[in-house]
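Residues per chain, in single letters:
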Amino acid sequence: MEKVGRFGVHGGQYIPETLMHAIHELEQAYEHYKNDPEFQAELTELFNEYANRPSRLYFAKKMTEDLGGAKIYLKREDLNHTGAHKVNNVLGQALLAKKMGKTRLIAETGAGQHGVATATAAALFGMECVVFMGEEDTKRQALNVYRMKLLGASVVPVMTGTRTLKDAVSEAMREWTTRVDDTHYCLGSVMGPHPFPTIVRDFQAVISKETKQQMLEKEGRLPDVVMACVGGGSNAIGSFYHFIEDKSVQLIGCEAAGRGIDTFETAATVSTGKLGIFHGMKSYFCQDEFGQIAPVYSISAGLDYPGVGPEHAYLHDIGRASYVPVTDDEAVEAFEYLSRTEGIIPAIESSHAIAHAMKIAPKMDKDKIIVVTVSGRGDKDCAAIARYRGEDIHE
Amino acid sequence: MSKIASAFANGKAFIPFITCGDPDVETTLHAVVEAVQNGADLIELGIPFSDPTAEGPVIQGANIRALAGGITTDKVFDLVRKIRREVSIPLVFMTYANVVFSYGAERFIGTCKEIGIDGLIIPDIPYEEKDEFEPICEKYDVDLISMVAPTSEERVTMIAKEAKGFIYIVSSMGVTGMRSSIATGLSDVVSRIREVTDVPCAIGFGISTPEQAAEMAKAADGVIVGSAIVKILEEKGTQAPESIGSFVKSMKDAIR
């Protein structure tokens with residue numbers, strides 16, 4: 001049998017029979033609309049007029065001078081409407097769902113950014129919206145819960161398991177099996193069963209498409225390094241995609257190491273996980289010796305996921321991209337550093353990529369160029385980081 | 001001929017589901033023996049998984065209790081060895097793909113054969129992915145059970161043609177758990193299956209009362225009951241086996 005949706009051994013469609021019909025329906029609709037000029041024109045219009053694309057490729061002059069090595073450019077996904085890259089995928093999927101005649105969007109969310117983006121698209125398209133969010137995360141990101149409600153969505157706190165992102169994904173999948181007729185599951189990352197990893201990647205690939213063009217305009221050449229943070233890996237795959245064939249461009253994904261990859265309190269999947277099958281895909285997962293999914297940890301609710309998208313697992317296998325762990329401490333330092341140095345408050349997720357840039361830029365020649373994707377803005381994280389630093393601030 | 005066929009030889013089959021190690025392995029052993037003495041024709045033994053995405057709250061709870069009690073795949077195998085000393089009816093495992101995959105499919109399925117497990121139900125292995133495990137299942141003569149859902153439609157024929165052991169018909173959309181009403185149209189699904197295979201059909205998801213069981217048994221060769229039994233374990237813990245026995249008797253009597 002021909003295997004669809006594979007990235008090497010990774011990917012696939014490991015889902016209950018109850019969802020196969022809906023998944024095939026989505027697959028067929030996407031095959032049709034991805035080549036439909038009208039669909040693409042509508043999506044571009046939404047990207048440009050509604051989401052504020054193209055996002056800026058900003059030369060971080062002060063940071064570059066301070067670190068004293070490679071030139072650093074920041075791809076400013078934080079300037080998108082709703083404050084993160086998540087909107088790229090959500091506008092694409094919501095438009096697709098509307099074309100398919102769906103009237104209801106469901107989504108999982110970790111930090112709340114994908115939930116907010118989905119609630120936003122649902123408001124724009126006049127669709128019903130239900131967001132599943134781990135109860136633990138509803139506490140960490142209370143303001144985003146309010147935002148989703150303000151946008152007309154209902155938020156369901158998930159009380160099972162570790163009450164974080166993986167449990168929210170499980171619960172959204174359960175909800176989808178209950179109601180597939182009118183409902184589209186707007187999955188937030190390049191994960192889950194085929195065709196989600198491909199659909200989400202294609203919608204996020206606008207990041208690298210723009211970066212490439214902007215870099216050629218500004219520098220007349222390709223960058224030497226492109227890096228982004230990786231949870232499921234949607235902003236990273238979007239940042240990498242149009243550079244995958246350009247072998248001179250080094251691709252680096254920055255995983256959340258939490259308190260360190262030698263501790264159990266980590267979410268660095270490529271560094272600490274092993275091959276497995278979960279949430280509809282074959283990929284790397286943090287798990288115990290009997291295949292029980294591990295309770296992962298990161299200061300960042302958006303990277304707090306025990307798996308990684310199948311295309312990243314494949315890029316890792318073939319050595320095309322490398323994946324590095326970044327700890328909570330390093331990410332928090334980067335969060336503060338970028339705020340102070342460039343006047344840009346990055347999301348704690350994106351701060352993982354900033355942290356790695358701070359490590360490698362000083363060791364590189366001044367004629368080298370690094371692009372770091374700032375996947376989201378950090379306003380949502382200020383209270384949590386203040387508490388991490390011992391201040392008694394609550395939202 | 002699959003050993004599983006013998007479960008469908010005593011009128012309509014009654015198939016209880018029990019999560020291994022909920023709340024401990026001794027209770028599982030007693031519950032299985034009680035169920036068999038009271039008319040169960042085949043037992044579906046659940047191997048707990050941390051994130052059972054096809055389960056409703058009741059069976060999720062059983063998974064959590066069993067894992068908290070320290071159950072592991074190896075301990076489940078030991079439990080089955082003990083069960084096999086007392087029970088001769090067909091036994092199948094219900095678990096998730098990662099439990100089998102992480103153990104090593106060959107090692108897992110080979111052990112199934114060795115300890116007397118006759119089939120495997122893996123809800124996150126649909127038709128499209130079954131060659132992940134099926135060639136190994138064939139090698140060890142363990143049936144990989146196929147599932148059919150209300151939305152399977154034209155997929156029913158494709159799935160049924162290659163089905164082994166029995167076909168698990170999912171009664172209605174959603175996850176496992178008790179329901180007050182179950183979708184109709186199941187006899188159409190069974191007719192489609194009958195056009196291409198004689199493999200027996202059992203209906204599961206949402207069946208909790210003798211009345212529902214009797215109704216479902218009209219359409220198929222057997223009924224599968226999970227959450228209603230797990231609920232007894234949730235409420236009575238180690239004292240549950242006797243109640244499970246009388247519940248199984250009432251269900252088997254209703255479908256005879």
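Attention here is on the structure that accompanies the text. (Residues numbered from 1 in each chain as written. Chains lettered and ligands numbered in written order. Predicted model: local features only at pLDDT ≥ 70, side-chain atom pairs only at ≥ 80, totals over all residues. Heavy atoms only, no water.)

### Quick look at helix H2 (residues 37-50) of chain A
Residue and element names in this part refer to chain A.
Moving on, step 1. Between its terminal C-alpha atoms H2 stretches 19 Å, which fits the 20 Å expected from 14 residues at 1.5 Å a residue.
Moving on, step 2. Listed in full, the buried residues belonging to H2 are Phe39, Leu43, Leu46 and Phe47. Seen from one end, H2 has its buried residues packed into an arc of 95°, which puts them on one side. Exposed and facing more than 90 degrees away from the buried side of H2 are Pro37, Glu38, Glu45 and Glu49. (Helix = DSSP H or I, 4+ residues; strand = E, 2+ residues; numbered from the N terminus. Expected span 1.5 Å × (residues − 1). Buried < 20%, exposed > 50% of the residue type's maximum accessible area, 1.4 Å probe, protein only. Arc of directions from axis to C-beta.)

### So, the nonpolar core
In summary, soluble globular proteins display a tendency toward joint burial of nonpolar side chains.
Moving on, step 1. Membership of the largest hydrophobic core comes to 167 residues, with the highest contact counts inside it found for Leu45(B), Phe93(B), Phe108(B), Leu120(B), Phe133(B) and Phe166(B).
Moving on, step 2. For this core, the element with the highest residue contribution is helix H1 (residues 17-33) of chain A, accounting for eight residues.
Moving on, step 3. Ala70(A), Cys254(A), Ala334(A) and Met364(A) belong to the second-largest nonpolar core, a separate cluster that totals 26 residues. (Core = buried A, V, L, I, M, F, W, Y, C linked by side-chain atoms within 4.5 Å.)

### Section: helix H9 (residues 210-219) of chain B
All names here are of chain B.
Moving on, step 1. Among all positions of H9, only Gln212, Ala213, Met216 and Ala217 are buried. For H9, the angular spread of the buried residues around the axis is 130°, confining them to a single face. Along H9, the residues that are exposed and aim more than 90 degrees away from the buried face are Glu211 and Lys218.
Moving on, step 2. In the core, the buried residues of H9 are packed alongside helix H8 (186-196), strand S8 (201-204), strand S9 (222-225) and helix H11 (240-255). (Contact = heavy atoms within 4.5 Å.)

### Describing the packing of helix H2 (residues 57-68) of chain B against helix H10 (residues 227-236) of chain B
Residue and element names in this part refer to chain B.
Moving on, step 1. With their axes 9 Å apart at the nearest point, H2 and H10 run at an angle of 50° to one another. Judged by the angle between their axes, H2 and H10 are oblique. Classified by chirality, the crossing of H10 by H2 is left-handed. Residues Val58, Ile59, Ala62 and Arg65 of H2 form the contact with H10, whose own contacting residues are Ser227, Val230, Lys231 and Glu234.
Moving on, step 2. Its residues assigned to classes, the contact of H2 with H10 comprises four nonpolar, one polar and three charged. (Axes fitted to C-alpha atoms, helices over the stretch in contact; angles between N-to-C directions. Parallel < 35°, antiparallel > 145°, perpendicular 65-115°, else oblique. Left-handed = near helix turned anticlockwise from the far one by under 90°. Nonpolar A, V, L, I, M, F, W, Y, C, P; charged D, E, K, R; others polar.)

### Section: the pairing of strand S10 (residues 250-258) of chain A
Residues and elements named next belong to chain A.
Moving on, step 1. Of all nine residues in S10, eight are buried, a share of seventy percent or more.
Moving on, step 2. Two elements, strand S9 (residues 225-230) and S10, share six bridges in a ladder whose sense is parallel. Opposite Ala228, over in S10, you have Gly253 as the bridge partner.
Moving on, step 3. Where the polypeptide runs from S9 across helix H11 (residues 234-240) and back to S10, its parallel neighbour, the crossover connection is right-handed.
Moving on, step 4. Across seven bridges, the pairing between S10 and strand S13 (residues 321-327) is parallel. If you follow Glu255 over to S13, its bridge partner there is Pro325. (Pairing = 2+ DSSP bridges. Right-handed = clockwise from strand over helix to strand, strands pointing away.)

### Brief notes about the pattern of salt bridges
Moving on, step 1. A complete count under the given rule lists 48 salt bridges over all chains for this structure.
Moving on, step 2. In this structure, Asp51(B) engages Lys166(A) in a salt bridge whose closest nitrogen and oxygen atoms are separated by 2.5 Å. In this pair, Asp51(B) sits in the loop between strand S2 (43-46) and H2 while Lys166(A) sits in helix H8 (residues 165-178), so the two residues belong to two different chains.
Moving on, step 3. If you follow the salt bridges from partner to partner, you end up with Arg104(A), Glu128(A), Glu175(A), Arg179(A) and Asp182(A) in one network. (Salt bridge = Lys/Arg side-chain N within 4 Å of Asp/Glu carboxyl O.)

### Here's the deal with the sheet that holds strand S11 (residues 274-278) of chain A
Moving on, step 1. In space, the four strands of this open sheet follow the order S1-S2-S12-S11 (chain A), with antiparallel pairing throughout. Looking at the sheet topology across the chains shown, the edges are occupied by strand S1 (6-7) and S11 of chain A.

### Remarks on the packing of H1(A) against H8(A)
Residue and element names in this part refer to chain A.
Moving on, step 1. Relative orientation of the contacting elements H1 and H8 amounts to 80°, with a least axis distance of 9 Å. Viewed along their axes, H1 and H8 adopt a mutual orientation that is roughly perpendicular. Here Thr18, Leu19, Ala22 and Ile23 of H1 come into contact with H8, specifically with Met173, Trp176 and Thr177.

### Details of the interface of chain A and chain B
Moving on, step 1. Counting residues at the interface gives 36 residues for chain A, matched by 40 residues for chain B.
Moving on, step 2. Both sides together, the interface formed by chain A and chain B hides about 3,200 Å², and carbon and sulfur atoms give 54% of it.
Moving on, step 3. Considering only the side of chain A, the residues that lose the most area to chain B are Glu17(A), Arg174(A) and Phe290(A), jointly responsible for 24% of the buried surface there.
Moving on, step 4. For the interface between chain A and chain B, the tally reads four salt bridges. (Buried area = accessible area lost by both parts, 1.4 Å probe.)

### Comments concerning the packing of aromatic side chains
Remark: the centre distance and the inter-plane angle together describe each pair of aromatic rings, the angle taken between the planes.
Moving on, step 1. For the coordinates displayed, the defined rule picks out 16 aromatic pairs over all chains.
Moving on, step 2. Considering the side-chain rings of Phe77(B) and Tyr103(B), the 5.3 Å spacing of their centres and the 80° angle between planes classify their relative orientation as edge-to-face. Of this pair, Phe77(B) sits in helix H3 (residues 73-86) while Tyr103(B) sits in helix H4 (residues 97-103); the two residues are 26 residues apart in sequence, bridging distant segments of the chain.
Moving on, step 3. By relative accessible area, Phe77(B) is classed as buried at 1%.
Moving on, step 4. By relative accessible area, which is 7% here, Tyr103(B) ends up buried.
Moving on, step 5. Seen from their ring centres, Tyr168(B) and Phe205(B) are 6.1 Å apart, and the 90° between their planes marks the pair as edge-to-face. Here Phe205(B) lies in the loop between S8 and H9 and Tyr168(B) lies in strand S7 (residues 167-170), a separation of 37 residues in the sequence.
Moving on, step 6. Cluster of aromatic residues (ring-pair linked, three or more members): Phe278(A), Phe285(A), Phe49(B) and Tyr96(B).
Moving on, step 7. Over the ring of Phe59(A) we find Lys71(A), and its NZ or CZ is 5.1 Å from the ring centre.
Moving on, step 8. Over the ring of Tyr103(B) we find Arg107(B), and its NZ or CZ is 3.8 Å from the ring centre. (Phe/Tyr/Trp six-rings, centres within 6.5 Å; stacked < 30°, edge-to-face > 60°. Lys NZ or Arg CZ within 6 Å of the ring centre and 35° of its normal.)

### Points about the sheet that holds strand S7 (residues 154-158) of chain A
Residue and element names in this part refer to chain A.
Moving on, step 1. Read from one edge of the open sheet, four strands run S7-S6-S5-S8, paired in parallel fashion. Edge positions in the sheet fall to S7 and strand S8 (183-185), since each of these pairs with one other strand and no more. In this sheet, adjacent strand axes meet at a mean angle of 20° when their direction is disregarded.
Moving on, step 2. Here strand S5 (residues 104-109) pairs with S8 via three bridges, running parallel.

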